[in-house]
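# Topology and contacts: notes
Chain by chain, the residues run as shown.
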Amino acid sequence: MTPSVSVLAVDAGNSKTDVAVIGPDGSVIGAARGGGFQPPAVGVRAALDGLAEPVERALGQAGIRAVTHVSACLANADLPVEEEELTAAVHARGWGGTTVVRNDTFAILRAGVDEPRGVAVVCGAGINCVGMLPDGRTARFPAIGRISGDWGGGAGLAEEALWFAARAEDGRGEATELARTLPAHFGLESMYALIEALHLGRIAGARRHELTPVLFATGAAGDPVARALVDRLADEVVALSTVALGRLGLLDEEVPVVLGGSVLAARHPQLSDRIDELLAARAPKAAVSVVTSPPVLGAALLGLDHVGAPARARARLREGYAQWGGSRSRRQDHTHG
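Quick look at the structure, then. Fair warning: this is a prediction, and the values are worked out from it, not measured in the lab.

## Side note on the overall build of the chain
Looking only at helices and strands, one finds 13 helices and 11 strands in the chain. Classification of the 337 residues of the chain by burial places 51% in the buried group. Intrachain contacts of the chain at a sequence separation of at least 6 include 68% that bridge at least 24 residues. Accessible surface computed for the chain: about 14900 Å², of which carbon and sulfur atoms make up 52%. Of the charged side chains in the chain, 32 are positive and 38 negative; the average position of the first set lies 3 Å away from that of the second.

This is the structure:
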């Protein structure tokens, strides 16, 4: 195997990193997993030092030292200026002849479409949306929190649920079953007890994400406050996707809208049904699907796109990851390319 025909694909999230080396026929000839990628917490150099470990293991498994092209989809590459900085820093490591760094949401999108055309909304801990066209045009949002207009994501939903539940218990807000179900999840009898436990660190702040499924279950049981929060998330997903479609001139075309991330992949009926209903009205030809394929597949496909690999190589690559699932359409069976 020569480096002139290989691609290094990297999907680096906050909690884990997947790396794959792809041969000219689309086969995976090296793979490794590493820890999370968090430049804001540790700095770019230290984050890349951590990334180097799984990259070098994957290259070693493939029996090569470098590739033609590095396709890296990285968490915390939220702004174009951050992508440029990270592209230069990754390229300086000498892993490939060319390097492209993108936000990791692009990997989710490319994993769920048969060509680089469509829109993806990802809702896990946070929320983000990107779109792309084969000619290289993209649509994106800063997606760095409330200062960039974001609402939703698992962490945001948990905070909203706590806010409503606290106000329900002390009388400032309307009654909601969340005041019972949220503390009950941790074996506590009241919101006051939960607030105290979170504030004093008896329950780790990182465990707040466990409350998001409780919110959905409470809504499914009929609680109006919880249901309103679920509806608001659906509205936000549709707002993101339709704005991105509009920017790319795709609102009236047959186009994939790919949903990913733990919150959307859970396929909560109320959330999924409302997303389908609203999108059918605003983008009637859009085909909604939920991606279950690993994002590193998307990073690898973007790399094969860049080097002009033949369609059979992309098909073989996707076949190789089929064991992980795939993109399962919820509304209609529609593919491109």
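## Comments concerning the layout of surface pockets
Picture a little ball the size of a water molecule; that probe, rolled over the atoms, points out where space is still empty. Taken as a whole, the largest pocket encloses approximately 1300 Å³ of empty space. If one sorts the elements of the lining of the largest pocket by residue count, helix α5 (residues 153-170) sits on top with four residues. Grouping the constituent residues of the lining of the largest pocket by class yields 13 nonpolar, 17 polar and 10 charged.

## Things to note about the packing of helix α12 (residues 295-307) against helix α13 (residues 311-320)
It is the contact of α12 with α13, at a shortest axis distance of 10 Å, that shows an interaxial angle of 170°. Viewed along their axes, α12 and α13 adopt a mutual orientation that is roughly antiparallel. Residues Leu297, Ala300, Leu301, Leu304 and Asp305 of α12 lie in contact with α13, whose contacting residues are Ala313, Arg314, Leu317 and Arg318. When grouped by side-chain class, the residues that make up the contact of α12 with α13 number six nonpolar, no polar and three charged.

## Structural notes on the packing of aromatic side chains
Throughout the structure, instances matching the rule amount to one aromatic pair. Look at Trp163 and Phe164: their rings are 4.9 Å apart centre to centre, the planes differ by 85°, and that puts the pair in the edge-to-face class. Its relative accessible area of 46% is what places Trp163 among the partly exposed residues. For Phe164, a relative accessible area of 23% puts it in the partly exposed group. Sitting over the ring of Phe141, Arg247 keeps its end group 4.6 Å from the ring centre.

## Describing the packing of α5 against helix α7 (residues 191-199)
Between α5 and α7, the shortest axis-to-axis distance is 9 Å and the interhelical angle comes to 130°. One way to sum up the angle between α5 and α7 is to call them oblique. Contacts from Leu162, Ala165, Ala166 and Glu169 of α5 reach α7 at Met191, Tyr192, Leu194, Ile195 and Leu198. For the contact of α5 with α7, a count of residues per class yields eight nonpolar, no polar and one charged.

## So, the nonpolar core
With 55 residues, the main nonpolar core has Leu182, Leu233, Leu259, Leu271 and Ile275 as its most contacted residues. Excluding anything up to four places from it in sequence, Leu182 contacts Ala161, Leu162, Ala165, Met191, Leu194, Leu211 and Val214. Grouped together as the second largest cluster of nonpolar side chains are 28 residues, Ala9, Val130, Ala300 and Leu302 included.

## Some details on the sheet that holds strand β2 (residues 16-22)
Across the sheet, five strands lie side by side as β3-β2-β1-β4-β5; this open sheet has mixed pairing. The open sheet is flanked by β3 (28-35) and β5 (96-103), the only strands paired with a single partner. For this sheet, the mean inter-axis angle between neighbouring strands, taken without regard to orientation, is 15°. Looking at chain direction, β2 and β3 are connected through seven bridges and run antiparallel. Note that in β3 the partner of Ala20 across the bridge is Ala31. Running at roughly 160° to β3, helix α2 (residues 44-62) makes contact with β1 (7-12), β2, β3 and β4 (67-74) of the sheet.

## A look at the state of the cysteines
For the structure shown, the criterion picks out zero disulfides. Cysteine Cys73 remains unbridged, with the sulfur of Cys129 as its closest cysteine sulfur at 15 Å.

## Things to note about the side chain of Thr242
Mapped onto the fold, Thr242 is located in helix α9 (residues 224-247). Thr242 sits in the buried class, given a relative accessible area of 13%. A polar atom in the side chain of Thr242 sits 2.7 Å from the backbone oxygen of Val238. There is a polar contact of 3.3 Å between the side chain of Thr242 and the backbone oxygen of Ala239. Apart from the residues lying within four places of it in its own chain, the contact partners of Thr242 are Leu251, Leu279 and Arg282.

Rules of the game
- Residues numbered from 1 in each chain as written.
- Predicted model: local features only at pLDDT ≥ 70, side-chain atom pairs only at ≥ 80, totals over all residues.
- Heavy atoms only, no water.
- Helix = DSSP H or I, 4+ residues; strand = E, 2+ residues; numbered from the N terminus.
- Buried < 20%, exposed > 50% of the residue type's maximum accessible area, 1.4 Å probe, protein only.
- Contact = heavy atoms within 4.5 Å.
- Areas by Shrake-Rupley, 256 points an atom, 1.4 Å probe, with all protein chains shown as cover.
- Lys, Arg positive; Asp, Glu negative; His and termini not counted.
- Charge placed at Lys NZ, Arg CZ, Asp CG, Glu CD.
- 1 Å grid on protein atoms, 1.4 Å probe; cavity = no way out; pocket = protein on both sides within 12 Å on 5 of 7 lines; lining within 4 Å.
- Points joined across faces, edges and corners; volume = space filled by probe spheres on them.
- Nonpolar A, V, L, I, M, F, W, Y, C, P; charged D, E, K, R; others polar.
- Axes fitted to C-alpha atoms, helices over the stretch in contact; angles between N-to-C directions.
- Parallel < 35°, antiparallel > 145°, perpendicular 65-115°, else oblique.
- Phe/Tyr/Trp six-rings, centres within 6.5 Å; stacked < 30°, edge-to-face > 60°.
- Lys NZ or Arg CZ within 6 Å of the ring centre and 35° of its normal.
- Core = buried A, V, L, I, M, F, W, Y, C linked by side-chain atoms within 4.5 Å.
- Pairing = 2+ DSSP bridges.
- Disulfide = S-S within 2.5 Å.
- Polar contact = N/O pair within 3.5 Å; in protein donor to acceptor, adjacent residues only side chain to side chain.

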